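# An overview of the molecular structure
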Amino acid sequence: MVSKKIAVLKEVSYQYPRSEGYALKDINLSIERGEFLAVIGATGAGKTTLCLSLNGVVPQFFGGRFFGSIEIGGEDTIDVPTSQLAVQVGEVFEDPETQIVAASVENEIAFILENLKTPRDEIVARIPEILDAVRLKGLEKKHPHELSLGQKQRLAIAAALAARPKLLVLDEPTSQLDPYGVRETFQLLKDFQAAYNLTVVMTGHAAEEIAEYADRVALLSEGQLKAVGSPQEIYTSFSLLKDNALRPPQVADTFQRIRQRSVEVIQTPVCLQDGIEAIRDLQTRVNICSPKISSQGEVLQTETILETENLFFNYPDGTIALKDVNLTVKKGEYIALMGENGAGKSTLAKHFLNLLQPSRGDVRFAGKPTREFQVSQLASRIGYVAQNPDQQIFTTSVEEEVSFALRNLGYSSTEISVRIEESLTEMGLLQVRDVHPLSLPKGDRARVVIAAILAMHPEVVIFDEPTTGQDDLGAQAILKVSLRLHQQGKTIIVITHHLHLMPDYARRAVVMGRGRILLDTDIRTAYHQVDLLKKTYLHPPQAVLLAQEIASQTPIPKLLTPAEVAACFKPRVRGRA
Amino acid sequence: MTNATPPKGSERNIRSLSSTHIDGAPMAYIIALAAVVTALSFIPFSFILGSGGSFPLSQGVLGLVGWVLGPVAGAVSSGIGSLLGVFLAPHTAGPLPLMRVVGSVYASFAAGAMVLGQKRRYWWIPVAVYAMLSFAYFVGRAILLNGVGVGIAFAATFVDWSAIVLFILPTRKLITGWLRSSKLPQVMLGLALGTWMIYGITHVCQSAVIYHLQNYPEEVWATLIPIIPFENLVRAAVGVVIGSGVITGLRAVGLIKPEHAVF
């Protein structure tokens, strides 16, 4: 008889080599066949280690000390080689580019099957089947580098699924995807779960999607399993989430705040549709008022610091990345630059730094064409924090990393020391100044890069997807740094598709789609252009959709956050009906 | 990470069950370092007197490959990397491409043989004996058969005999200790002297064969006196730059250490 459980973890603890603490501690967890288990937790909680332990890579590849046992389909992960476990457990990582190895889409699928000694005819039969299932049919001969990030992630999932594993483990597979890509990935997994009784274990920070798609949620904290339950149970445990630097879905957050205003809420919804229905219910029995909100954003009368005029850019392969982009950035502005993966956001930012030169049109910094600057000159005046911090880290200590550019720019050793202290203090990295940057968690590595940029005292700082892969605390910490810089008078541009994070920071939103600027307005107006956002595969935050539901009955301003939406509700005072 | 109380589960004996290892080194490491050797084969850093061509920059990391992977896996990795290198980058393959490959294998094996513990503690001896025999043949032939002056012969082979001396004396263990140090300056010193030493003994083994075939005259020996040490300094510098990054990086990310790694 086949056990109902695909994975059983008994008192699992794990310590990495040369590490003093335990990455996992006393984990007891059973995973049912065919379930969708989401694993959430702050950065460094042990999510990745848990994923790697399910296919034996921890500890078979990493070494270290392992306690307890993990059984996958009855096989002990300590006693069975990882190559054998790979038949049962497919693994997909955060960055699809780190696991794609072949030179064509179909060869990528074939690769794992060849390694599993699958007969040729079987491989040939499975490739179209799996590509059809992940909606990559027709792209068989394409080089994976020609695919969008979302397509690459689907290809990585397809390669993992080609071996027909019973358990698919995904470690933050959606953190780099735009909102459309996130939902697409979740839907794809849900479809496979239903069609093949596939068990899915997925880590991530996408609270809204996890609430909607997962069957169960496990919460890890400092290597320990703190709670396991339904999305409803976990995402309404607000103090537990807060203690672990996690956020609930915005709809749950909104209703929690409504409840705090002494408005009776029967059950806190965690999914958007339930939230909309609950709003409709509340509207029949609660007074709706128009809350006070911050200004809609003012046009700064300062001088222009960055400007593009009729900017076009074509990549050498003919891809048109920017089309007639006209943008003016005033000194001291804080701009959210948003759009789907491949919309042209990073390409535009690289033009500001003269890393790319226009095919047509002009780019100016402080009134002067960027092509008249050397890249090093611009780099000291425009700080660019790249999406992947690891691409900007290349020294052997945090302090060296921060001082590297300063030394190359010829600052005196006294000045360098002062700036290092300032930057490390600002980013909370003083304690790890001698540590190798790669030994730090990803969130801290991003802070190292930001510290290195800050040390140059740039006038403009461009953050390219700074919150990718960060837990809520890490994301807010980085954005708070950006806010402090803004308050010091610096011009800030944040490239992001994490729309829910920006209302507390940005006043102006520039929305890009397919190389064009689709919208350039204040953030309240932008977030309420739902149809236009959809054109560039962005979904407005749930609070905006709840606000629009309220606005369909009662005139209210354009609201952005759960706090603002909750402020619309006040309990009816008895006896004054 | 949590550490307050001992784990409840019983500790398991971890074994590497995957077949993708060679002599305790994961195949992924072997391939990665072979790729580094191949990539650096494209970059020439000095010319070869007489026959033309140039030396590949990969010679600076052959010791590192042995220290990271151990003698057997290191030799395999360097062998694969340099074999690909002589085909893909023939401009640095030299007049005897086979010697380039054999020399790479020997260098990484010698580096991996620099152990401190009991296991494989005598593996350095055949390496040293071969180097000394090569030196005796090389210099002996030059002086006795070809009439090269003793002073010129020893000056031109400074890199070779200094490397042999460093390898057979306790300095070999001292260098190994530095490579294992947690202090980066000591690691860098170990990489510099270690690369000098490892490529020095490799150089003499290769030179003995090449000299047997080519018998170059005393004028060439004299010209080589300043050139060879400079070239070996470049190798040592490459070893320090790449090696310190690789070793500190590997330590920092905490990946499993190959069983016979020296660092």
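Structure: see above.
Residues numbered from 1 in each chain as written. Chains lettered and ligands numbered in written order. Predicted model: local features only at pLDDT ≥ 70, side-chain atom pairs only at ≥ 80, totals over all residues. Heavy atoms only, no water.

Further remarks concern the overall build of chain B. If you tally the helices and strands in chain B, you get 10 helices and five strands. Here the C-alpha radius of gyration of chain B, 20 Å, is about what a compact globule of 263 residues would show, namely 18 Å. Along the three orthogonal principal directions, the C-alpha set of chain B runs to about 75 × 40 × 30 Å. Expressed as a percentage of the 263 residues in chain B, the buried residues total 52%. Considering only contacts within chain B whose residues lie at least 6 apart along the sequence, 77% involve residues at least 24 apart. Surface summary for chain B: the accessible area is close to 11,100 Å², and the carbon and sulfur share equals 72%. For chain B, the separation between the mean place of its 15 positive charges and that of its 7 negative charges on side chains is 16 Å. (Helix = DSSP H or I, 4+ residues; strand = E, 2+ residues; numbered from the N terminus. Rg over C-alpha atoms; globule rule 2.2 N^0.38 Å. Buried < 20%, exposed > 50% of the residue type's maximum accessible area, 1.4 Å probe, protein only. Contact = heavy atoms within 4.5 Å. Areas by Shrake-Rupley, 256 points an atom, 1.4 Å probe, with all protein chains shown as cover. Lys, Arg positive; Asp, Glu negative; His and termini not counted. Charge placed at Lys NZ, Arg CZ, Asp CG, Glu CD.)

Here the focus is unusual backbone geometry. Residues and elements named next belong to chain A. A cis amide bond links Val58 with the next residue in sequence, Pro59, at an omega value of 10 degrees. With respect to the element layout, Pro59 can be found in helix H2 (residues 57–60). Look at Ser262: it is not a glycine, yet its phi comes out positive at around 65 degrees. Along the chain, Ser262 falls in the loop between helix H11 (250–260) and helix H12 (272–285). The class of Ser262 is exposed, set by a relative accessible area of 58%. In this structure, His457 is a non-glycine residue whose phi angle is positive, near 50 degrees. Tracing the chain through its elements places His457 in the loop between helix H17 (442–454) and strand S18 (460–464).

Looking now at the sheet that holds strand S17 (residues 382–385) of chain A. Two modes of strand pairing occur in sheets, parallel and antiparallel, and in both the strands are linked by backbone hydrogen bonds. All names here are of chain A. If you trace the six strands from one edge of the open sheet to the other, you get S17-S18-S19-S14-S20-S21, paired in mixed fashion. A single partner strand is all that each edge strand has here, and the edge strands are S17 and strand S21 (516–522). Neighbour-to-neighbour, the strand axes of this sheet turn through a mean angle of 15 degrees, independent of strand direction. Relative to S18, S17 runs parallel, the two sharing four bridges. Bridge assignment links Val385 to a residue of S18, and that residue is Phe463. (Pairing = 2+ DSSP bridges. Axes fitted to C-alpha atoms, helices over the stretch in contact; angles between N-to-C directions.)

Counting residues in each nonpolar core, the largest one holds 63 residues, and the members touching the most others are Trp67(B), Leu69(B), Phe167(B), Ile198(B), Ile201(B) and Trp221(B). In terms of residue count, helix H9 (residues 184–214) of chain B provides more of this core than any other element does, 11 residues in total. The residues touching Ile198(B), leaving out its near neighbours within four places in the chain, are Gly63(B), Trp67(B), Ala107(B), Ala110(B), Ala111(B), Met114(B) and Phe167(B). Listed in part, the 54 residues of the second largest apolar core include Val92(A), Val182(A), Phe192(A) and Ile234(A). (Core = buried A, V, L, I, M, F, W, Y, C linked by side-chain atoms within 4.5 Å.)

To continue, consider the pairing of strand S15 (residues 360–365) of chain A. Residue and element names in this part refer to chain A. The pairing of strand S12 (residues 304–314) with S15 spans five bridges and is classified as antiparallel. The residue bridging Glu309 from the neighbouring strand is Asp362, located in S15. Alignment of S15 against strand S16 (residues 368–369), held across two bridges, turns out to be antiparallel. Bridge assignment links Arg364 to a residue of S16, and that residue is Pro369. Remark: two residues form the turn of the hairpin made by S15 and S16, two consecutive strands paired antiparallel; Ala366 in that turn has positive phi of roughly 50 degrees.

All names here are of chain A. With respect to the helices, strands and loops of the structure, Thr203 is situated in strand S8 (residues 199–203). Within the structure, the side chain of Thr203 is placed 2.8 Å from the backbone nitrogen of Glu172, a separation counted as a polar contact. In this structure, Thr203 is in contact with Val39, Lys47, Cys51, Leu170, Asp171, Glu172 and Pro173, ignoring residues within four places of it in sequence. (Polar contact = N/O pair within 3.5 Å; in protein donor to acceptor, adjacent residues only side chain to side chain.)

All names here are of chain A. Across all of its chains, the model carries 35 salt bridges over all chains by this definition. Where Glu146 meets Lys142, a salt bridge forms, and the shortest distance between an N and an O atom there is 3.7 Å. For Arg183, the salt bridge goes to Glu212, with nearest N and O atoms at 3.1 Å. Here Glu212 lies in helix H8 (residues 207–213) and Arg183 lies in helix H7 (residues 179–196), a separation of 29 residues in the sequence. By relative accessible area, Glu212 is classed as partly exposed at 37%. Beyond isolated ion pairs, a larger network of salt bridges with shared partners links Glu307, Glu309, Asp362, Arg364 and Arg371. (Salt bridge = Lys/Arg side-chain N within 4 Å of Asp/Glu carboxyl O.)

What follows deals with the interface of chain A and chain B. Between chain A and chain B, the residue contacts involve 35 residues of the former and 33 residues of the latter. Buried surface at the junction of chain A and chain B, both sides included, amounts to about 2,900 Å², of which 57% is carbon and sulfur. On the surface where chain A and chain B come into contact, there are three salt bridges. Its salt-bridge partner being Arg65(A), residue Glu11(B) comes within 2.8 Å of it at the nearest N-O pair. Counting across the interface, chain A meets chain B through seven residue pairs in polar contact (both at pLDDT 80 or more). The set of elements that each furnish at least two residues to the side of chain A that touches chain B consists of strand S1 (5–15), strand S2 (24–32), H2 and strand S4 (65–72) of chain A. With five residues, S4(A) is the single largest residue contributor to the side of chain A that touches chain B. Classifying every residue of the side of chain A that touches chain B gives 13 nonpolar, 13 polar and nine charged. Sheet topology note: the S4(A)/strand S1 (residues 11–12) of chain B ladder contains two bridges and is antiparallel. Among the inter-strand pairings, Phe66(A) is bridged to a residue of S1(B), identified as Arg12(B). (Buried area = accessible area lost by both parts, 1.4 Å probe. Nonpolar A, V, L, I, M, F, W, Y, C, P; charged D, E, K, R; others polar.)

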